[in-house]
Amino acid sequence: QVQLVESGGPLVQAGGSLRLSCAASVFSFWTYTMTWYRQGPGKQRGLSAPIAAVVPGQLRYSLSLRGRFTISRDNPGNMLYLQMNDLKPEDTAEYYCSVRIPPARFWGQGTQVTVHA
């Protein structure tokens with residue numbers, strides 16, 4: 001049984017930082033690509049583009065969004081993280097961690113991040 005549980009998304013002021021966590025109950029966690037998605041207001045989760053992914057064998061990756069976000073994983077602890085710095089109001093969204101284990105894609109329940117100007 002696959003279970004993903006996100007946490008770490010309280011209110012924050014613009015310019016602040018947050019670290020989101022995802023506890024993954026996934027057998028052989030280290031063999032799967034783990035991904036963070038976000039769903040803005042009024043948008044469908046399934047249509048949201050991934051914002052960060054870390055593949056097997058990779059522990060950390062700083063990606064687009066002008067270097068503000070870094071995804072990392074702790075394989076022994078079955079944990080996925082998203083470090084978000086210099087947050088902006090447009091980063092307000094529901095954030096989900098996800099894993100694709102063919103033929104299905106699994107999602108957590110999401111954690112809300114609200115950034116105030």
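You'll find the structure just up there.
Residues numbered from 1 in each chain as written. Predicted model: local features only at pLDDT ≥ 70, side-chain atom pairs only at ≥ 80, totals over all residues. Heavy atoms only, no water.

Draft legend 1. Focus on the side chain of Glu94. Mapping Glu94 onto the fold places it in strand β9 (residues 93-101). On the basis of relative accessibility, which here comes to 18%, the residue Glu94 falls in the buried class. Only 3.5 Å separates the side chain of Glu94 from the backbone nitrogen of Thr111, close enough to count as a polar contact. Excluding residues within four positions of it along the chain, Glu94 makes contact with Tyr37, Arg38, Gln39, Gln109, Gly110, Thr111 and Gln112. (Helix = DSSP H or I, 4+ residues; strand = E, 2+ residues; numbered from the N terminus. Buried < 20%, exposed > 50% of the residue type's maximum accessible area, 1.4 Å probe, protein only. Polar contact = N/O pair within 3.5 Å; in protein donor to acceptor, adjacent residues only side chain to side chain. Contact = heavy atoms within 4.5 Å.)

Draft legend 2. Fine view of unusual backbone geometry. Note that the residue after Pro102, namely Pro103, is joined by a cis bond; omega there is 10°. Among the structural elements, Pro103 can be located in the loop between β9 and β10 (104-107). Phi is positive for Ser28, close to 55°, though the residue is something other than glycine. Among the structural elements, Ser28 can be located in the loop between β3 (18-25) and β4 (34-39). Using a relative accessible area of 18% as the deciding quantity, one classes Ser28 as buried. At Asp86, a residue that is not glycine, the phi angle is positive and equals roughly 50°. Summarising the element assignment, Asp86 is placed in the loop between β8 (79-84) and β9.

Draft legend 3. Here's a closer look at the pattern of salt bridges. What the rule picks out here adds up to 3 salt bridges. With its nearest N and O atoms 2.7 Å apart, the salt bridge here joins Arg68 to Asp91. Taken together, the residues Arg68 in the loop between β6 (60-62) and β7 (69-74) and Asp91 in the loop between β8 and β9 connect sequence positions 23 residues apart. Residue classification places Asp91 among the buried residues on the basis of a relative accessible area of 1%. For the salt bridge of Asp86 with Lys88, the shortest nitrogen-to-oxygen distance reads 3.4 Å. Through salt bridges with shared partners, a single ionic network connects Arg38, Arg68 and Asp91. (Salt bridge = Lys/Arg side-chain N within 4 Å of Asp/Glu carboxyl O.)

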